[in-house]
Amino acid sequence: MKAFLKSGLAVAVLAASVGAAEAREQLRIVGSSTVYPFSSYVAEELGATSDFPTPVIESTGSGGGMKLFCEGVGDSTPDITNASRRMKTSEFERCEENGVTDITEAMIGFDGIAFAQAVGDGDINLTREQITLAVAAQVPVDGKLVDNPYTKWSEIDSSLPDRKITVYGPPSTSGTRDAFEELVMEVSTEEMEGYGGEGYTNIRQDGHYIAAGENDNLIIQKLVENTDAFGIFGYSFLEENADKVVGASIDGVLPEADAISSGEYPVSRSLFYYVKNQHKDDVPAQQAYNDLFMSEKMIGELGYLKGIGLIPLPKDEREALREQVKNRTKLTLADLKK
């Protein structure tokens, strides 16, 4: 009888958990702080125009989101993760190891990484090499790498302001940090004498670069308070706070929409979100969210998201990606290696 009762209880618990999973209508989303404003807009619109509740979104950073997303399949794990860079092969492999074996990749548009300062500081043009010399842990001096000795911008180049080097930027879990390291530091150090022709991406930890967490609005606040400082964040936040901050020119190009979409602005990247298809039956809101996010209404040339800083993809690419998401095209390791 005890065995029967225990067995019956186990079945009841299992049935209850399955029922709860089937009944879950609220989508759970994690990931990039850069994609967060766009994802939040879509989520609010879904809640306002459908029978589904507004999805829950956590800004965990691209890396943090991938970690949560790849923990496994089930009600305790996210349905979607946002990313301001492409999924890494190591993350894909971790997903597979934990049973997350059916993922669709959704590219939503372009974004630029701004290197910004407070409005009123005056225009400034920086090269990727100068920015790297300001934030790298080690820099070349007399042909050898040494711990970064620069404390002021004028020490890097006499034409730059005599301002203390203070840079508020994203933490190591951020896709913005990954993209900054790749597009600014790696590119410039491959050409700089002293690094041996290899990209260098170690950021200094002596107080001149300050990891300000995943809340880009906090960086905006810091720049307003400390007008000597610079901040690193996505173009959408620059657009939203144009009354408070202004982007520096990088290699002679301002962070503007046309320059980002054309690739002329050297620090531009694609934005993504990733869908856990194994949750599609248990969380019906997932498909409704996908359809809304990938619609022209959101990511098109006249879409709502353009108004808050998203740079749209070309029309033919949008159409192809929309079909890819609609059909839940399965991401493969070979895709990530292209």
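Just so we're clear, the structure is a prediction, and the values are computed from it rather than from any experiment.

Draft legend 1. Local environment of the overall build of the protein. Looking only at helices and strands, the protein features 14 helices and 13 strands. Taken over the C-alpha atoms alone, the protein extends approximately 85 × 45 × 40 Å along its principal axes. Residue pairs in contact within the protein that sit at least 24 positions apart in sequence constitute 73% of those at least 6 positions apart. Of the roughly 15,200 Å² of accessible surface on the protein, a fraction of 50% belongs to carbon and sulfur atoms. Counting 31 positive and 54 negative side-chain charges, the protein places the centres of these two groups 7 Å from one another.

Draft legend 2. Seen up close, the pattern of salt bridges. Throughout the structure, instances matching the rule amount to 20 salt bridges. For arginine 24, the salt bridge identified is with aspartate 79, shortest N-O distance 2.7 Å. Taken together, the positions of arginine 24 in the loop between helix H1 (2-23) and strand E1 (28-31) and aspartate 79 in the loop between helix H3 (62-69) and strand E3 (80-83) put the pair 55 residues apart, joining distant regions of the chain. We note that arginine 24, like aspartate 79, is buried. Close ionic contact of aspartate 335 with lysine 338 constitutes a salt bridge, the shortest N to O distance being 3.5 Å. Given the relative accessible area of 19%, aspartate 335 is considered buried. Lysine 338 gets classed as exposed once you look at its relative accessible area, which sits at 78%. Within the structure, one salt-bridge network assembled from shared partners comprises Arg85, Lys88, Glu91 and Asp178.

Draft legend 3. Representation of the nonpolar core within the structure. Counting 92 residues, the largest nonpolar core has Met87, Ile108, Trp153, Phe233 and Tyr273 as the members making the most contacts within it. Top element by residues in this core is strand E4 (residues 103-118). It accounts for 9 residues. Those residues in contact with methionine 87 that lie beyond four places of it in its chain are Met66, Phe69, Phe92, Cys95, Ile103, Tyr274, Leu331 and Leu336.

Draft legend 4. Focus on the packing of H3 against helix H4 (residues 89-97). Between H3 and H4, the shortest axis-to-axis distance is 9 Å and the interhelical angle comes to 20°. As the angle between them shows, H3 and H4 are arranged roughly parallel. For H3 against H4, the interelement crossing comes out right-handed. Listed contacts from H4 to Gly63, Met66, Lys67 and Phe69 of H3 are Glu91, Arg94 and Cys95.

Draft legend 5. Layout of the confidence of the model for the protein. In this model, the protein carries an average pLDDT of 91, and 93% of its residues clear a pLDDT of 70 or more. Note on residues 1-22: pLDDT is under 50 here. Beyond four places in sequence and across chains, it has 2 contacts.

Draft legend 6. A look at the state of the cysteines. If you walk through the whole model with that rule in mind, you get 1 disulfide. The side chain of cysteine 70 participates in a disulfide bridge whose partner is cysteine 95; the two sulfur atoms lie 1.9 Å from each other. Here the disulfide of cysteine 70 and cysteine 95 is left-handed, its torsion about the S-S bond being about -70°. Residue cysteine 70 is found in the loop between H3 and E3, and its partner cysteine 95 is found in helix H4; the two are separated by 25 residues along the sequence. The exposure class of cysteine 95 is buried, given its relative accessible area of 0%.

Draft legend 7. Quick look at the environment of isoleucine 219. Turning to its location among the elements, isoleucine 219 is positioned in helix H8 (residues 216-225). Overall, the relative accessible area of 0% leaves isoleucine 219 in the buried class. The spatial distance from the C-alpha of isoleucine 219 to the C-alpha of threonine 201 is 21 Å, given a sequence separation of 18 residues. Discounting chain neighbours no more than four positions away, the residues touching isoleucine 219 are Tyr168, Gly169, Ala212, Gly231, Ile232 and Phe233.

Each value, and the rule that gives it
- Residues numbered from 1 in each chain as written.
- Predicted model: local features only at pLDDT ≥ 70, side-chain atom pairs only at ≥ 80, totals over all residues.
- Heavy atoms only, no water.
- Helix = DSSP H or I, 4+ residues; strand = E, 2+ residues; numbered from the N terminus.
- Contact = heavy atoms within 4.5 Å.
- Areas by Shrake-Rupley, 256 points an atom, 1.4 Å probe, with all protein chains shown as cover.
- Lys, Arg positive; Asp, Glu negative; His and termini not counted.
- Charge placed at Lys NZ, Arg CZ, Asp CG, Glu CD.
- Salt bridge = Lys/Arg side-chain N within 4 Å of Asp/Glu carboxyl O.
- Buried < 20%, exposed > 50% of the residue type's maximum accessible area, 1.4 Å probe, protein only.
- Core = buried A, V, L, I, M, F, W, Y, C linked by side-chain atoms within 4.5 Å.
- Axes fitted to C-alpha atoms, helices over the stretch in contact; angles between N-to-C directions.
- Parallel < 35°, antiparallel > 145°, perpendicular 65-115°, else oblique.
- Left-handed = near helix turned anticlockwise from the far one by under 90°.
- pLDDT = per-residue confidence, 0-100.
- Disulfide = S-S within 2.5 Å.

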